[in-house]
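One letter stands for each residue in the lines below.
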Amino acid sequence: MKPATMLFLVLALAPLAPARAAHPPAPLGELRISLLDGDVQMRTVETGDWVPAAINTPVRAGDRLWVPAGARLELQLRDGSAVRLDQRSALEVLRLEADSFQFYLTRGQAFVNFHGQRDQTLQLDTPFAALRAHDRAVFRVDVGESGDTDLGVIQGLVRADSRRERTPVHAGERLMLREHGTEVAALGPADAWERWNMARDRELDTRRESVRYLPEELSPYAYDFDAYGRWVRVPDYGWVWTPVYLSAGWAPYRHGRWMWIGGDYVWISYDHWGWTPHHYGRWVFASGFGWCWVPPHRGAVYWAPGWVAWVHSHPQVAWVPLAPSEIYYGYGHYGPHSVNLLQVNIHKTLIKPAYRNARIEGAVTAVHHDGFLKGRPAELRLKDNPFLREEIRPGRPEIKPERATFAPIIKDIPRAARPPAALEGIEIRRLQETRPLVKEPARPVFRPEAPVQPAPSQERRVPEAPRAPAVTVPAERRPETAPREPQRPQVIGPTPAERRPQPVAVEGRPHGHAI
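Just so you know, these numbers come straight off a predicted model, no measurement behind them.

*Asks:* Looking at this structure, I do not really get the nonpolar core. What am I missing?
*Replies:* Note on soluble globular proteins: their nonpolar side chains tend to be buried together. Among the nonpolar cores identified, the biggest contains 64 residues, and W258, W293, W319, Y355, F372 and F387 are the most heavily contacted of them. When residues no more than four places from it in sequence are discounted, the contact partners of W258 are Y253, Y265, V266, W267, P305, G306, V308, W310, W319, F372 and T405. Grouped together as the second largest cluster of nonpolar side chains are 43 residues, I33, L77, V93 and V141 included.

*Asks:* Where do I start with helix 1 (residues 192-205) in this structure?
*Replies:* At 3.6 residues per turn, the α-helix brings residues three or four places apart onto the same side. With 14 residues, helix 1 extends 20 Å from end C-alpha to end C-alpha; this agrees with the ideal 20 Å at 1.5 Å per step. Among all positions in helix 1, only W193, E194, N197, M198, R200, D201 and D205 are buried. Down the axis of helix 1, the buried side of the element spans an arc of 160°, and every buried residue falls inside it.

*Asks:* How do you make sense of the side chain of R200 when you look at a structure like this?
*Replies:* You can see R200 is positioned in helix 1. Classification of R200 by relative accessible area gives buried; the value is 10%.

*Asks:* Looking at this model, I keep getting lost on the environment of I410. Mind explaining?
*Replies:* When you line up the elements, I410 lands in the loop between helix 5 (386-389) and strand 29 (412-414). I410 gets classed as buried once you look at its relative accessible area, which sits at 11%. A C-alpha to C-alpha distance of 8.3 Å links I410 and K374, two positions 36 residues apart in sequence.

*Asks:* Mind showing me how you'd approach unusual backbone geometry here?
*Replies:* Note: most residues except glycine have negative phi, and most peptide bonds are trans. For D236, which is not a glycine, the phi torsion comes out positive at approximately 80°. Note on placement: D236 falls in the loop between strand 18 (229-234) and strand 19 (238-243). On the basis of relative accessibility, which here comes to 67%, the residue D236 falls in the exposed class. Backbone geometry places Y245, a non-glycine residue, at a positive phi of 60°. Position of Y245 among the secondary structure elements: in the loop between strand 19 and strand 20 (256-261). By relative accessible area, which is 29% here, Y245 ends up partly exposed.

*Asks:* I keep staring at the confidence of the model for the chain and nothing clicks. Help me out?
*Replies:* As a note on interpretation, predicted positions should not be read in detail where pLDDT is low. Counting all residues, the mean pLDDT for the chain is 84, and 79% of those residues have values of 70 or more. This model gives residues 468-491 a pLDDT under 50, and the stretch forms 59 contacts once residues within four places in sequence are excluded. For residues 494-515, every residue scores under 50 in pLDDT, and the model assigns this stretch 60 contacts once sequence neighbours within four places are set aside.

*Asks:* Please explain the pairing of strand 8 (residues 89-96) as it appears in this structure.
*Replies:* For a regular strand, side-chain orientation follows a simple rule: the groups alternate between the two sheet faces. Counting buried residues along strand 8, eight of its eight residues qualify, which places the element largely inside the surrounding structure. The sheet contact formed by strand 8 and strand 9 (residues 100-114) spans six bridges and is antiparallel. Pairing of L96 across the sheet is with F101, part of strand 9. Counting the residues that bridge the hairpin from strand 8 to strand 9 gives three residues.

*Asks:* For this particular structure, what's the right way to read the environment of G335?
*Replies:* Topologically, G335 is positioned in the loop between strand 26 (328-330) and strand 27 (338-340). Exposure remark for G335: the relative accessible area of 11% places this residue in the buried category. Taking the C-alpha atoms as reference, G335 lies 6.6 Å from A300; in sequence the two are 35 residues apart.

*Asks:* Looking at this model, I keep getting lost on the pattern of salt bridges. Mind explaining?
*Replies:* Side chains that differ in sign of charge can pair as their charged atoms come close. Across all of its chains, the model carries 29 salt bridges by this definition. R84 is the salt-bridge partner of D201, the closest N and O atoms lying 2.7 Å from each other. Of this pair, D201 sits in helix 1 while R84 is found in strand 7 (residues 82-85), placing the two residues 117 residues apart along the sequence. Connected via shared salt-bridge partners are E74, R84, R200, D201 and E203.

Procedures and definitions
- Residues numbered from 1 in each chain as written.
- Predicted model: local features only at pLDDT ≥ 70, side-chain atom pairs only at ≥ 80, totals over all residues.
- Heavy atoms only, no water.
- Core = buried A, V, L, I, M, F, W, Y, C linked by side-chain atoms within 4.5 Å.
- Buried < 20%, exposed > 50% of the residue type's maximum accessible area, 1.4 Å probe, protein only.
- Contact = heavy atoms within 4.5 Å.
- Helix = DSSP H or I, 4+ residues; strand = E, 2+ residues; numbered from the N terminus.
- Expected span 1.5 Å × (residues − 1).
- Arc of directions from axis to C-beta.
- pLDDT = per-residue confidence, 0-100.
- Pairing = 2+ DSSP bridges.
- Salt bridge = Lys/Arg side-chain N within 4 Å of Asp/Glu carboxyl O.

Set out below in structure tokens:
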């Protein structure tokens, strides 16, 4: 091992009990890592140390994130809102609820594009302030090592609460909060960090073709479908999506690993576009197109850890993607064509269903038991298909997770990229106890029990150089009624010769053996 680098000792991690929430938590799929550049690390509620982060990892309340020098990170909420962190930034996720989200920026730079749907609140706390948006807003926050906080509002209104005063900050204004006072000024010219964020917003918010085919609940993810694949029309299923530029031997649920999160094995896809097609909808293999993702119907959109069927016969673990209408056995409510094993005890029952994809060459992925747990699957050479010869026990494999299973990826991290020692003193449970999430705009954050006072004056000086909003008009929605199916397959979207997305390079990429 080189002196300048160190291997994360995931095997030394000690699980921690999750913090008790005052309100019902949001579903596991509410927040994910949607963009990652560099050696970003995370500390989850189940681990006692920092581990490397990976794209498409679900993020929960109680998780912590560190973005070292030369790195950047984007978190995406289910509604398409984004929280981005620049280098040398630390963020704590305090609360994720069905309609409200609370973060704590310990240090560094954050850029927030909050879509502000009805009755939603986004609260970003810092050492000196609590910043709240209740409607659509675009703003940036800079926090120094001493806790000094600068808020710049590009679009909308952000309410800033400190222990001394409350200040509404409008588009085109900058608020500087210090330990002994505040100051409001006009927002200056955008720097490189802000320009990158505005370009990213324009890229994501541009009207997308894929919203025509996605259910409305999944329209915030349309960018991934446009950038990495095309829509085709096939018999029996209508409009489906197929990824382009796949590596040889690719199949759904192969490029990634299973991570133990919240009491279940959750698929972490290392494909940039892999979040939605692996946690919503089903997969089919269409002649002439290859693997195609079938979106769920509108009103029946459910996030799941991974829509697969399992076979576990020591020393191998195998899985296959489920086709539409096939039963998913999970530990929770996952909508139509699923069985909640928390309510139905069928663990002693063996089934032998005829999974359609199990008969597709290369559809089944099989790895060694130890590799499944450690995130470095060893190739297995199988003589026959376990789904055609084994009786199947419903639900995930009964494999007790090891400490390595709590990390989304195993990779080397330079020692210089490790979180600073000062972050070890941050106690997220203490922050959750002392920093309440206050949804009512007129109620102060630092004294939420105090009588509601009239809000401070909304009047502001006219900024010297107001800037244009960083976002565009929301894209149109998919029509409720799908077009009739034609007799022959049709294609919409660019062909491979017209667009080539950048390949994904992942260190420590696991591989299974396809059969």
